[in-house]
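A structural walkthrough
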Amino acid sequence: MAHVEILPNSQSLQAETIKIVTKISSPAGVGRLKGGRLFIALTIGNNLTVRCTELDGRIAAAAIHDSAERCDAPKCQEETRVAVQDDLYDWIIDGDGPLEQPRKIKWVTGPAGCGKTAIMGSLATRCAANGVLGATFFFASWSASIGRRRKTAFVTTIARQLAEHRDDLKDAISNAIEKNPSVFEKNLHVQLEILVLAPLREVALQPDRPRLQGAIIIDGVDECEAEQYHDGSRANPPPSRTNQQDQLEILEVLHAASSDLSFPFRVLIASRPERVFRNFFDPQNTPTAFAHKLDLHENYNADDDITLFFEVQFNRLRRQYNFSPSWPPPGTIQALVENASGQFIYAATVVRLLETVHQEPPEALLKAILATGATLKTTSHPLEQLDALYSHILKSSPNPPLSVRWIRSINALNRSFVVASYASNVNLLFQTDPDSNEAEHLLGNLHSLIRIPPPSDQATTEYDFYHKSLFDFLQDLTRCGNQQKLYVEENEIEVFMWDRFVQACMRGCSTRFPSLDDFPQFLAYVPDAVNKAWAIPHSKAHLTPASTAWWVSVVIAHKTEVSIWPIFRDAHTSVRTVLNLFQSMD
């Protein structure tokens, strides 16, 4: 039990009331605080009141624009995307002009890879520097933090940031939590009313206080994944919630906030143009509720910005590799800009490919990229060149289909929050020979797509991916199938992961992996990332009773909350099949 001293140096302290809350917890994966953290406000006078709140332990700290997790997040290169940033900043400050009913929400949209997150991140930094940033939340479906992937901590994270602006607002939010201790178990609309709107109304009544204003910037709402509230293992469980339902709930909550007269902020929402967003922001449905949408693909020509980006990056590469001043050849940048079709992700991927240590020199790689683009027919599909670039990079692997299986399986592990899914453990799981260098063999040429930790960090660092558009490409038969032959069915990925899990259990039964202490713990959680109902019947690999017993002992040793029954069933079903075969031969 931890020993905590309260005001250890005080003398002759008298207090009529002292209230201390010590049992604080946070949802698994929400925020960086696993046990919560006390926020204590002290008022010393005739009474001493100690107000404690769970708010800090209920936020998604990684979702805030300047969080440690976002240190490598894309940002607009200097002097690029200036016009769009200026237009958005002007709207934050001045709105839409003299309207009878101010429109406090603006939708920023555009296809994958057009730079939405970079623009929102750079705009948030600018607003913060100028004192006009209310709060931010950056959703990310690839994040290791569950708080960035789901709605659970959305309102609490906004409320915590707003509390930092004024002490009276912080006190109002703290008092609201004290009066409503169950607020964290309520739906988003109730949380919004208790944690945000009611405190704002309270401080709005106080005269001679600085006026709250500025922006609340929400990015990547289309990447929010649905919360599930029902036990899926029950017979006839209720229908699962969809991502679109939770995304719509967030939009409705923000609309409710903006409609409140006490809400002083303007809200920017950035997302892809998916159906739920198109319908919600359709002027025919709500003609006066929202400001005019900003479509990055339709309203702005990004060619000049992408040209500047390439010029700056090629100058840097020229100095880095001591290339001739005439490199790249005339017309190269123009051709690449045309290939990009307004997609900054194309430009960023080209540069990463050129600066990555590779068997081919950058000059040869650049020629190959240009040649790939030149062979494509001109179409109106803006992702055609990006698809060609992804295909070119993936096919540089010695075994592209197997590399795709690794990539998608790594992503499945990351999305399932498997404990200790560090690169070294992933390698040991997926390699057919634990002593081989299969990971480097397959992924060594793919550094422009995957953040691969250096060997010295692989025991403590996970694999990561630069952009969600890679998986949009890999999961679309029309884009990576046919001639590219990079498409792998989802069911094949499930079977691949299960086969490698069975293989690892077979090895663990005999070797026990003495060199990697956390690999057995990692392996205990791997089945949670696999659709066992499909993978087990379709896999040719089956657990033996001995390997099952070893895995169960690992689960028990690490107190893992996983379902053991499917593993037992697979092992004993396979043994029973063999026995029946021998009996039929008698």
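Just so it is clear, the structure is predicted and the values come from calculations on it, not from any experiment. (Residues numbered from 1 in each chain as written. Predicted model: local features only at pLDDT ≥ 70, side-chain atom pairs only at ≥ 80, totals over all residues. Heavy atoms only, no water.)

1. As for the overall build of the protein chain
What the protein chain contains, in helices and strands, is 23 helices and nine strands. For the protein chain, buried positions account for 50% of its 586 residues. The long-range fraction of contacts in the protein chain, counting pairs at least 24 apart against all pairs at least 6 apart in sequence, stands at 76%. Carbon and sulfur atoms form 51% of the exposed surface of the protein chain, whose accessible area is close to 29,100 Å². (Helix = DSSP H or I, 4+ residues; strand = E, 2+ residues; numbered from the N terminus. Buried < 20%, exposed > 50% of the residue type's maximum accessible area, 1.4 Å probe, protein only. Contact = heavy atoms within 4.5 Å. Areas by Shrake-Rupley, 256 points an atom, 1.4 Å probe, with all protein chains shown as cover.)

2. Regarding the side chain of Asp260
Its place among the elements puts Asp260 in the loop between α6 (243-259) and β6 (266-271). By relative accessible area, which is 15% here, Asp260 ends up buried. A distance of 2.5 Å separates polar atoms of two side chains, one belonging to Asp260 and the other to Ser262. Aside from chain neighbours lying at most four places away, what touches Asp260 is Lys104, Leu197 and Arg201. (Polar contact = N/O pair within 3.5 Å; in protein donor to acceptor, adjacent residues only side chain to side chain.)

3. Quick word on the confidence of the model for the protein chain
Per-residue confidence for the protein chain averages 82 on the pLDDT scale, and 81% of its residues sit at or above 70. The model gives residues 11-17 a pLDDT under 50, and that stretch makes six contacts with residues more than four places away or in other chains. Within the model, pLDDT remains below 50 along residues 578-583, and this stretch shows zero contacts once partners closer than five positions in the same chain are excluded. (pLDDT = per-residue confidence, 0-100.)

4. Examining the side chain of Ser141
Turning to its location among the elements, Ser141 is positioned in the loop between β4 (133-138) and α3 (154-163). Contacts of Ser141, omitting those with residues within four sequence positions, involve Arg149, Glu223, Glu225, Arg415 and Lys468.

5. Some thoughts on the nonpolar core
Membership of the largest hydrophobic core comes to 82 residues, with the highest contact counts inside it found for Phe310, Ile407 and Leu443. When residues no more than four places from it in sequence are discounted, the contact partners of Ile407 are Leu394, Leu443, Leu446, Ile450, Phe465, Leu470, Phe471 and Leu474. Grouped together as the second largest cluster of nonpolar side chains are 49 residues, Ile105, Phe154, Ile173 and Leu212 included. (Core = buried A, V, L, I, M, F, W, Y, C linked by side-chain atoms within 4.5 Å.)

6. A closer look at helix α5 (residues 188-204)
For α5, spanning 17 residues, the distance from its first C-alpha to its last is 23 Å, which sits close to the expected 24 Å at 1.5 Å a residue. The largest bend along α5 reaches roughly 35° and is located at Ile194. Those residues of α5 that fall on the buried side of the exposure criterion are Leu188, Gln191, Leu192, Ile194, Leu195, Val196, Leu197, Pro199, Leu200 and Val203. The inward-facing, buried residues of α5 contact α3, α4 (167-179) and α6. For α5, the capping residue at the N-terminal end is Asn187, with a side-chain oxygen 3.0 Å from the backbone nitrogen of His189. (Expected span 1.5 Å × (residues − 1). Bend = angle between axes of the 7 residues up to and from the residue.)

7. A look at the sheet that holds β4
Backbone hydrogen bonds hold the strands of a sheet together, and the pairing may be parallel or antiparallel. Ordered by their spatial adjacency, five strands build an open sheet running β4-β5-β6-β3-β7, and the pairing between neighbours is parallel. Looking at the sheet topology across the chains shown, the edges are occupied by β4 and β7 (294-295). Where helix α1 (residues 82-94) meets the sheet, its contacts fall on β3 (105-109), β5 (215-219), β6 and β7, and the angle it forms with β6 comes to roughly 150°. This element, helix α2 (residues 116-129), spans β3, β4, β5 and β6 of the sheet and lies at about 155° to β4. (Pairing = 2+ DSSP bridges. Axes fitted to C-alpha atoms, helices over the stretch in contact; angles between N-to-C directions.)

8. Some thoughts on the pattern of salt bridges
Enumeration over the complete set of coordinates arrives at 24 salt bridges. Asp222 serves as the salt-bridge partner of Arg272, at 3.7 Å between the closest nitrogen and oxygen. Here Arg272, found in the loop between β6 and α7 (275-280), pairs with Asp222, found in the loop between β5 and α6; they are 50 residues apart in sequence, far enough to count as distant. Side by side, Arg272 and Asp222 carry an identical accessibility label, which is buried. (Salt bridge = Lys/Arg side-chain N within 4 Å of Asp/Glu carboxyl O.)

9. Things to note about unusual backbone geometry
With the exception of glycine, most residues fall at negative phi, and the peptide bonds are largely trans. A cis amide bond links Trp327 with the next residue in sequence, Pro328, at an omega value of 0°. Here the phi dihedral of Asn322 falls at roughly 55°; this positive angle occurs in a residue that is not glycine. Examined against the element boundaries, Asn322 turns out to sit in the loop between α9 (303-321) and α10 (332-340). Located in the positive-phi region is Ser341, a residue other than glycine, with phi close to 50°. Accessibility expressed as a relative area gives 29% for Ser341, which makes it partly exposed.

10. Focus: the pairing of β3
When you tally the buried positions in β3, you get five out of five residues, the bulk of the element. Side-chain alternation along β3 places Ile105, Trp107 and Thr109 on one buried face and Lys106 and Val108 on a second face that is also buried. Bridge analysis of β3 against β6 gives five bridges, and the strand direction is parallel. Its bridge partner being in β6, Thr109 is matched across the sheet by Ser271.

11. Structural notes on the packing of aromatic side chains
Taken as a whole and judged by the stated rule, the model has 21 aromatic pairs. Taken together, a centroid distance of 5.0 Å and an interplanar angle of 40° make the contact between Trp498 and Phe501 tilted. Note that Trp498 and Phe501 are positioned in helix α19 (residues 490-511) at a spacing of three residues, about one turn of the helix. Residues Trp498 and Phe501 agree in their burial class; the two are buried. Here the basic side chain of Arg126 rests over the ring of Tyr89, its NZ or CZ set 4.3 Å away from the ring centre. The ring of Tyr466 has Arg352 sitting right over it, with the charged end atom 3.9 Å from the ring centre. (Phe/Tyr/Trp six-rings, centres within 6.5 Å; stacked < 30°, edge-to-face > 60°. Lys NZ or Arg CZ within 6 Å of the ring centre and 35° of its normal.)

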